[in-house]
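Summary of the model geometry
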Amino acid sequence: MAHRPLACVILAAGKGTRMKSDLPKVLHRVAGRPMVGHVLAAVKALDPDHVVVVVGPGMDSVAAAVAPYPTAVQQEQRGTADAVRAAFGLLEGFTGDVVVLYGDTPLVTPDTLRAMVAARRQASDPAVVVLGMRPEDPGAYGRLILNARGGLEKIVEYLDASADERAVTLCNAGLMAFDGARMFDLIGRIGNENAKSEFYLTDVVQIARVSGMACAVVEAAPAEVVGVNSRAELAEVERLMQRRLRKAAMDNGATLCDPDSTLFSHDTRLGRDVIVGAHVVFAPGVTVGDGVEIKPFCHLEQTRVDNGAVIGPYARLRPGAEIGPNAHIGNFVEIKNAVVESGAKVNHLTYIGDARIGAKANIGAGTITCNYDGFGKYHTDIGAGAFIGSNSSLVAPVSIGDGAIVGAGSVVTSAVEADALVVSRAQQKAYVGWAKRFRERKQAEKANKA
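Summary of the structure given here.

Quick look at the packing of aromatic side chains
For the structure shown, the criterion picks out 5 aromatic pairs. Centre to centre, the rings of F264 and F282 are 5.2 Å apart; their planes meet at 0 degrees, and the pair counts as stacked. Residue F264 is located in the loop between β12 (255–256) and β13 (269–270), and its partner F282 is located in strand β15 (residues 281–282); the two are separated by 18 residues in the primary sequence. Classification of F264 by relative accessible area gives buried; the value is 4%. Ring geometry for F297 versus Y314: centroids 4.9 Å apart, planes at 5 degrees, classification stacked. Taken together, the residues F297 in the loop between β17 (293–294) and β18 (299–300) and Y314 in the loop between β20 (310–311) and β21 (316–317) connect sequence positions 17 residues apart. Relative accessible area serves as the criterion here: at 39%, Y314 is assigned to the partly exposed category. Taken together, the ring pairs in this structure connect F297, Y314 and F332 into an aromatic cluster. Positioned above the aromatic ring of Y158, the side-chain terminus of R166 is 4.1 Å from the ring centre.

Let's talk about the pattern of salt bridges
Counting across every chain of the model gives 26 salt bridges. A salt bridge links D104 to K25, with the shortest nitrogen-to-oxygen separation between them at 2.7 Å. Of this pair, D104 sits in the loop between β6 (97–102) and α4 (110–120) while K25 sits in the loop between β1 (6–11) and β2 (29–30), and the two are 79 residues apart along the sequence. Overall, the relative accessible area of 7% leaves K25 in the buried class. With a shortest N-O distance of 2.9 Å, D111 and R114 are connected by a salt bridge.

Describing helix α1 (residues 35–44)
α1 sits mainly inside the fold: 8 of its 10 residues count as buried. Three or more residues of α1 are buried, namely M35, V36, G37, H38, V39, L40, A42 and V43.

Focus: unusual backbone geometry
Note the cis peptide between G312 and P313, where omega equals 5 degrees. Relative to the assigned elements, P313 resides in the loop between β20 and β21. Cis geometry is adopted by the peptide bond preceding P397, which originates at A396 and carries an omega value of 0 degrees. Within the element layout of this structure, P397 appears in the loop between β29 (393–395) and β30 (398–400).

Some points on the side chain of H28
Within the secondary structure, H28 is located in the loop between β1 and β2. Within the structure, H28 has its side chain in polar contact with the side chain of S21 (distance 3.1 Å). Residues in contact with H28, not counting those within four places in the same chain, are M19, S21, L23, R33, P34, M35, R231 and L234.

Considerations on the environment of V339
Within the fold, V339 resides in strand β23 (residues 328–340). Since its relative accessible area comes to 30%, V339 is described here as partly exposed. The spatial distance from the C-alpha of V339 to the C-alpha of E153 is 62 Å, given a sequence separation of 186 residues. Not counting the four nearest positions on each side in its chain, V339 is found in contact with E322, A355, R356 and I357.

Here we look at the pairing of strand β9 (residues 152–156)
Alignment of strand β8 (residues 143–146) against β9, held across 4 bridges, turns out to be antiparallel. In the strand pairing of β9, L144 is matched with I155.

Scoring rules and cut-offs
Residues numbered from 1 in each chain as written. Predicted model: local features only at pLDDT ≥ 70, side-chain atom pairs only at ≥ 80, totals over all residues. Heavy atoms only, no water. Phe/Tyr/Trp six-rings, centres within 6.5 Å; stacked < 30°, edge-to-face > 60°. Helix = DSSP H or I, 4+ residues; strand = E, 2+ residues; numbered from the N terminus. Buried < 20%, exposed > 50% of the residue type's maximum accessible area, 1.4 Å probe, protein only. Lys NZ or Arg CZ within 6 Å of the ring centre and 35° of its normal. Salt bridge = Lys/Arg side-chain N within 4 Å of Asp/Glu carboxyl O. Polar contact = N/O pair within 3.5 Å; in protein donor to acceptor, adjacent residues only side chain to side chain. Contact = heavy atoms within 4.5 Å. Pairing = 2+ DSSP bridges.

This is the structure in structure tokens:
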């Protein structure tokens, strides 16, 4: 079959006034990614020939977020059909299929979009395909009225619907697919004779049917087409997205001990037989190998964890952390821009930043790499098999050789040779009886004041 071109138009010009935000609505994040980014990811899976994002005036931040895809500007908020018209200049002469989506509907899947395109290309050759849904409560949604042949006859807004039409459970989800050869004329004929004087894309079905053209419906799960117009709806979409991501993780072989308390990002990657404890947060950019255990209350971001490592509880892995195979990162440990090599242990109450921890090194409790002097960041290198005693401060730039031992409580400011012992702390002195005399003096002072 010959390739039929495909274009996608994403409407993202809405001001989102109910969000009460200085951030454009479509840039609010769901699972760590702007909503419009999720829509673009779904579209990209279809390998379209053209993608156009329609924005409002001054929405430079949206244009930057969707680059390198081009943007068209809807100069005034005059309805959804007017928004699609704004994209016409970038689609001039296009005669393939065109899918119209919304930048604030981030849960739509590539499979649903493929189904819409397939329906547009079926033998009945519909000019328009509308995405429908059957929500538990149809409420005030517009109804999709089918004809005897199963084609779409019309879209009826709830306020205009008869009692019989309101009883229909098939509702309009908003997304549409068009035959590009007919779309420009059909949408160009949409008027604005309505209470808001706006150009509604839904009117295209009536225009197509009056012209003798077929229209069709594809159904999607209601959860796929939830739109966002408020913070509460944003939270609901986040909940639905997290449910989807959790299911995918478990389907792919991970154990989530308390799924409802685990938060994923859109790009989290977990290997087989990973165990994730309660209240773990995966910020963007996390990849976890096979057989890893992440104990409760950990936070990971832009991090790679290799096979067999154990993380937490209460560990924080910040951007640039690379945890090697079978390494242990324990409770109240923070790792930033550092490589922890195979079998190394950083078990508790430690900060490791801008460093390399060699294979099978052991970092004692309370150790910190002093990596920042107020102006620059500096590197600490700890060799394989080194042992760093508790409560040590390693002042970067500094290196600890393979197999070296740093005595507890040391402040290390210069290189330590391999297999050496370094102790850097004040000499201990004892003043016999001083503590007793101190207490007696204080007690006497207190008695005299009484």
